[in-house]
Amino acid sequence: MADQYAYSGDDKRPTEIPAIRWEEPPEGPVLVLLDQTRLPAEEVELVCTDASALVEAIRSLAVRGAPLLGIAGAYGVALAAVRGFDVDEAASALATARPTAVNLAVGVRRAQAAHEAALAKGGDIRQAAAAALAAARQLHREDAEASGRMAEHGLALLDELLPGGGHRILTHCNTGSLVSGGEGTAFAVALAAHRVGRLRRLWVDETRPLLQGARLTAYEAARSGMAYTLLTDNAAGSLFAAGEVDAVLIGADRITADGSVANKVGSYPLAVLARYHHVPFIVVAPVTTVDLDTPDGASIEVEQRAGHEVTELVAPQVPVAGAEAGGGIPVAPLGTQAYNPAFDVTPPELVTAIVTEEGVVSPVTAEALAEVCGRSRRVAAG
């Protein structure tokens, strides 16, 4: 079950409503999400009291972004455990809510494993639930710390590749604090450049069909006081041709063992443009996004979303004449079929570098990725 809390944006001041948080009101623990489908028109919180509500929030993109999905999945398992629901059933539903984003399953497994380990040691149901919640909170903290380290590594890489500052960075989809326990992935690097006076311009792809760039990245850039400009996805080529892009920074939803990168659809064309125009194409993602069990890009299950996201236009919370409540304005003839993959896959040879919290992988090879993942495991074990 989910409820909504609305906050007025009349004062126009930046807010610091977290993308996700755990709360324990008198009526029982809940998971509170900033509903990203309602941004930037209004800031509304979605209150989930069970895993099924969280599954729906994930599928509807109320909560999204690879690192945040991992955190949400872990909290979802804890929520099921604390409220006395079937933990394995909840974990299964959560892990498969979006198939491409590997972090979601990683987060779910981590909390589920903590729950099982507590029971195996003789703990009671309450102790097992507490263990699941502790695992979720630890993952949340780790992601915040990883975000800061990725920003440091990414800024150092930009300064190495583009000495002199004045970076003009093109980004796609949304990779800021709305997708992370910290300040994000690719956006965090651009934000770090902004804070030290080395960001000249952030070019923001609108990111069709759901406009995560226009709605969310522009929202975060404005709140951060960054110099940014919004462009349609199909204007990127002319921007490259004009020599206005110094680097491309994107996030990732899954990175396979060979370094193939699944990210929001539209990322692959940017990689091709970047290669032709000799512009660095940089992927920023935590080690939890690297999936060494998936050998290559062809093995990734790419989520296919509903056609109406392409054939209709929807403006959340903005009344439009001719649009049904909760529906969209048709922009194609009735019955038009739409091809609507949520992600595309960029091969490793088009990726200049992958920036993780454990360091930079460049050139991108299977051996280098395996080494950085091994380094992360050694740090965790230590």
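How each quantity is defined
Residues numbered from 1 in each chain as written. Predicted model: local features only at pLDDT ≥ 70, side-chain atom pairs only at ≥ 80, totals over all residues. Heavy atoms only, no water. Helix = DSSP H or I, 4+ residues; strand = E, 2+ residues; numbered from the N terminus. Buried < 20%, exposed > 50% of the residue type's maximum accessible area, 1.4 Å probe, protein only. Contact = heavy atoms within 4.5 Å. Areas by Shrake-Rupley, 256 points an atom, 1.4 Å probe, with all protein chains shown as cover. Lys, Arg positive; Asp, Glu negative; His and termini not counted. Charge placed at Lys NZ, Arg CZ, Asp CG, Glu CD. Pairing = 2+ DSSP bridges. UniProt positions renumbered as here; feature names shortened; annotations may be inferred. Salt bridge = Lys/Arg side-chain N within 4 Å of Asp/Glu carboxyl O. Phe/Tyr/Trp six-rings, centres within 6.5 Å; stacked < 30°, edge-to-face > 60°.

Visitor: Kindly report on the overall build of the protein, identifying the contributing residues and their values.
Guide: A tally of helices and strands in the protein yields eleven helices and 17 strands. Principal-axis analysis of the C-alpha atoms places the extent of the protein at approximately 65 × 55 × 45 Å. The buried share of the protein, taken over its 382 residues, is 52%. Put simply, 76% of the contacts in the protein that link residues at least 6 apart link residues at least 24 apart. Surface summary for the protein: the accessible area is close to 16500 Å², and the carbon and sulfur share equals 53%. Charge-centre separation for the protein: the mean point of 30 positive side chains lies 4 Å from the mean point of 47 negative side chains.

Visitor: Explain the sheet that holds strand 10 (residues 261–264) to me, and be specific about the residues and the numbers.
Guide: Here we have four strands laid out as an open sheet, ordered 12-9-10-15, and mixed in their pairing. One side of each edge strand has no neighbouring strand; the edge strands of this open sheet are strand 12 (290–291) and strand 15 (343–346). Pairing geometry for strand 10 and strand 15, over four bridges, is antiparallel. Looking at the pairing, Val 261 lines up with Thr 346 of strand 15.

Visitor: Can you lay out the UniProt feature "active site" (unreviewed entry) in the protein for me, pointing to particular residues and giving the numbers?
Guide: The positions UniProt marks with the feature "active site" (unreviewed entry) are Asp 253. We classify Asp 253 as buried; its relative accessible area is 9%. Those residues in contact with Asp 253, other than ones at most four positions away along the chain, are Ala 66, Thr 100, Ala 101, Val 102, Asn 103, Ala 262, Asn 263, Lys 264, Thr 289 and Phe 343.

Visitor: Describe helix 1 (residues 51–59), with residues and values.
Guide: Every buried residue belonging to helix 1 is among Ala 51, Ala 53, Leu 54, Val 55, Ala 57 and Ile 58, and all of these are buried. With its phi angle positive at about 70°, Leu 61 sits one or two positions after the end of helix 1.

Visitor: Would you mind going over the pattern of salt bridges in detail, with residue names and values included?
Guide: This structure, assessed with the given rule, holds 14 salt bridges. The partner of Glu 358 in a salt bridge is Arg 149, with the nearest N and O atoms 4.0 Å apart. Remark: Arg 149 occurs in helix 5 (residues 125–161) and Glu 358 occurs in the loop between strand 16 (353–356) and strand 17 (359–361); sequence separation between them is 209 residues. On the accessibility criterion, Glu 358 (15% relative accessible area) is buried.

Visitor: With reference to specific residues and values, describe the packing of aromatic side chains.
Guide: If you walk through the whole model with that rule in mind, you get one aromatic pair. A centroid spacing of 5.9 Å and a plane angle of 25° characterise the contact between Trp 22 and Tyr 75, whose relative ring orientation is stacked. With a gap of 53 residues between them, Trp 22 in strand 2 (residues 20–23) and Tyr 75 in helix 2 (residues 66–82) connect regions that are remote in the sequence. Overall, the relative accessible area of 10% leaves Trp 22 in the buried class. With a relative accessible area of 4%, Tyr 75 lands in the buried category.

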